[in-house]
Amino acid sequence: MNYDIAIIGLGPAGATAARLLDKKFKILAIDKKSDAEDSFRKPCGGLLATDAQKALSKFNLTLPKEILADPQIFAVKTIDSKQNLLRYYQRFYINLDRYKFDQWLVSLIPEHVEKADGARCMDIKRVEDGYDITYHRNKVERTITARHIIGADGAGSLVRKTLFPERKIAQYISIQEWFAEEHQTPFYSCIFDSDITDSYCWSISKDGFFILGGAFPTHVSKQRFDLLKEKLKQQGFALGNAVKREACLVSMPRGLRDFCVGKDNAFLIGEAAGFISPSSLEGISYAFNSAHKLADVFNSGDAHRVWKINLKLMPMKIKLLLKYLKSPFMYRPLLRKLIMKTGLNSIDVAGERK
Ligand SMILES: Cc1cc2nc3c(=O)[nH]c(=O)nc-3n(C[C@H](O)[C@H](O)[C@H](O)COP(=O)(O)OP(=O)(O)OC[C@H]3O[C@@H](n4cnc5c(N)ncnc54)[C@H](O)[C@@H]3O)c2cc1C
């Protein structure tokens, strides 16, 4: 046995688990990301919601200013294109550079954890007393054995697909394009249009760029994204030539079975486990909190007691299911119209039409 624990993926979930696991464990933590210019970068809005801020405060972590993006915005322009409705809602997000944020989280991992960046996990096999894990790094293939494996490899999780193939979860394709910012006043927006998606679309001003994105049904994602751009141009959005396009899967938990925490010494955390809000697609806080809870169970020597892990994560599952139950108010046109028309919880923004 080479390692006690192998962590696959060092996004917010994996990096947090690697930071919090006790030094009594021999740990290997691998991620396909690296410092290289052409490294994988997680497509993300990079907005740190209040729940994620709360998790950071519980970790006693403070954000270095280099991670912050410009500007910080306190209102979200909410647009219902088809019903021609517009409202502003106050939000307390921190606007971040997501790649720098991930690299900062990795930099907090203590020395006793062996890290391999630029390492892509290719294969996982159950063997007696553990897992054989094969990864490619610098064009070299290596296989190690670990007693436990933690899949923190996000929505497209190889760990989940390989070890829990029966635990499928509904997924959308998320596409984002980056444009040079040409709007006079930077803004966030949240766009609903049932011709485009039954989820939602967004825009975010960040560091001189304007990011436009959305979550789309997988089989029509490109066409729908193009339609979104056309419609928004007609509504006055300044969208020149895109500087870059990025895409990835995003999970949509809709029932208890969508959350897969693991068994037989294989565990999942963060989005790999299905922990992401099905209404807002906010996932960083759930990545932090699921990693924290799993690390606690490991550190107390109870990792063989899967029921204990499930129990610890039950409040998170219930919270996410309640968000799913709440989502018709966002996603059903009639209910949304009702809420937006009443102006409930909305704010007036100087110089903007309602
Ligand atoms: C377009 C978009 C916008 C979003 N915006 C926001 C937002 O603004 N705020 C928010 O809170 N949430 C947002 N989310 C959700 C959020 O990004 C995720 O829920 C969160 O990143 C999940 O964290 P994680 O650590 O579980 O997984 P990830 O952040 O996806 O990290 C997985 C890690 O695993 C690595 N990896 C994957 N496969 C392998 C492999 N085979 N071998 C080695 N390494 C591997 C990747 O390099 C990555 O570092 C957004 C999601 C999308 C798709």
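Source: prediction; values computed, not measured. (Residues numbered from 1 in each chain as written. Predicted model: local features only at pLDDT ≥ 70, side-chain atom pairs only at ≥ 80, totals over all residues. Heavy atoms only, no water.)

1. Quick word on the pattern of salt bridges
Consideration 1: Throughout the structure, instances matching the rule amount to 19 salt bridges.
Consideration 2: Of the charged contacts in the structure, one is a salt bridge between K319 and D51, with a shortest N-O distance of 2.8 Å. Note that K319 is positioned in helix α7 (residues 306-326) and D51 in helix α2 (residues 50-58), a separation of 268 residues in sequence.
Consideration 3: For K65, the salt bridge goes to E66, with nearest N and O atoms at 3.8 Å.
Consideration 4: The network of salt bridges with common partners includes D31, K33, R98 and D102. (Salt bridge = Lys/Arg side-chain N within 4 Å of Asp/Glu carboxyl O. Helix = DSSP H or I, 4+ residues; strand = E, 2+ residues; numbered from the N terminus.)

2. Description of the domain arrangement of the protein
A common way to express how large an interface is: the accessible area buried when the components associate.
Consideration 1: Parsing the protein into structural domains produces domain 1 (3-42 + 98-168 + 254-326) and domain 2 (67-97 + 170-251 + 328-347).
Consideration 2: Look at where the C-alpha atoms of domain 1 and domain 2 centre, and you get two points 29 Å apart.
Consideration 3: Domain 1 puts 19 residues into the contact, and the matching count from domain 2 is 18 residues.
Consideration 4: In total, about 1,600 Å² of surface goes out of reach between domain 1 and domain 2, with carbon and sulfur atoms giving 58% of it.
Consideration 5: Our enumeration of links across domain 1 and domain 2 arrives at zero salt bridges.
Consideration 6: At the surface where domain 1 touches domain 2, the tally comes to nine residue pairs in polar contact (both at pLDDT 80 or more).
Consideration 7: Breaking the side of domain 1 that touches domain 2 down by element, the ones donating at least two residues are α3 (98-107) and α7.
Consideration 8: Examining the composition of the side of domain 1 that touches domain 2, we find that five residues originate from one element, α3, more than from any other. (Domains from an automatic or database assignment. Contact = heavy atoms within 4.5 Å. Buried area = accessible area lost by both parts, 1.4 Å probe. Polar contact = N/O pair within 3.5 Å; in protein donor to acceptor, adjacent residues only side chain to side chain.)

3. Side note on the site of the ligand
Consideration 1: Around the ligand, a shell composed of 35 residues is seen, among which D31, K33, L47, R98 and C121 lie nearest.
Consideration 2: Between the ligand and G46 there is a distance of 3.3 Å, counted from an oxygen atom to a backbone nitrogen or oxygen.
Consideration 3: Between I284 and the ligand, the recorded distance is 3.1 Å, taken from a backbone N or O atom to an oxygen atom.
Consideration 4: Elements with a contribution of two residues or more to the shell around the ligand: α1 (12-20), β8 (119-127), β11 (171-180), β15 (244-251) and α6 (284-299).
Consideration 5: Looking at which element gives the most residues to the shell around the ligand, the answer is β8, with three residues.
Consideration 6: Looking at the shell around the ligand, its residues break down into 17 nonpolar, nine polar and nine charged. (Near = heavy atom within 4 Å. Nonpolar A, V, L, I, M, F, W, Y, C, P; charged D, E, K, R; others polar.)

4. Overview of the packing of aromatic side chains
Consideration 1: Counting across every chain of the model gives 15 aromatic pairs.
Consideration 2: Judged by centre distance (5.7 Å) and plane angle (75 degrees), the ring pair of F187 and F237 falls under edge-to-face. Residue F187 is found in the loop between β11 and β12 (188-192), and its partner F237 is found in the loop between α5 (221-234) and β15; the two are separated by 50 residues along the sequence.
Consideration 3: Note on F216 and F225: the rings are 6.0 Å apart at their centroids and 80 degrees apart in plane angle, and the pair reads as edge-to-face.
Consideration 4: F216 sits in the buried class, given a relative accessible area of 0%.
Consideration 5: Classification of F225 by relative accessible area gives buried; the value is 0%.
Consideration 6: Each residue in the set F59, F101, W104 and F288 is aromatic and connected to the rest through ring pairs, giving one cluster.
Consideration 7: Over the ring of F187 we find K77; its NZ or CZ atom is 4.8 Å from the centre of that ring. (Phe/Tyr/Trp six-rings, centres within 6.5 Å; stacked < 30°, edge-to-face > 60°. Buried < 20%, exposed > 50% of the residue type's maximum accessible area, 1.4 Å probe, protein only. Lys NZ or Arg CZ within 6 Å of the ring centre and 35° of its normal.)

5. Considering the sheet that holds strand β18 (residues 346-347)
Consideration 1: Across the sheet, which stays open at both edges, the eight strands sit in the order β15-β11-β14-β13-β12-β4-β5-β18 with mixed pairing between neighbours. Among the strands making up the open sheet, the edge pair consists of β15 and β18.
Consideration 2: The strands that α5 touches are β11, β12, β13 (201-206), β14 (209-216) and β15; relative to β14, the one it contacts most, it runs at about 135 degrees.
Consideration 3: Packed onto the sheet, helix α9 (residues 333-342) meets β4 (75-80), β5 (85-90) and β12 and runs at close to 65 degrees relative to β5. (Pairing = 2+ DSSP bridges. Axes fitted to C-alpha atoms, helices over the stretch in contact; angles between N-to-C directions.)

6. A look at the nonpolar core
Consideration 1: Grouped together as the largest cluster of nonpolar side chains are 70 residues, with contacts concentrated most on I7, L21, F101, I133, F275, F288 and F298.
Consideration 2: Considering each element in turn, this core owes the most residues, nine residues, to α6.
Consideration 3: Those residues in contact with L21 that lie beyond four places of it in its chain are I5, I7, I27, H112, I150, A295, F298 and N299.
Consideration 4: Core analysis: the second largest hydrophobic core is formed by 18 residues, I175, C201, L212 and F237 among them. (Core = buried A, V, L, I, M, F, W, Y, C linked by side-chain atoms within 4.5 Å.)

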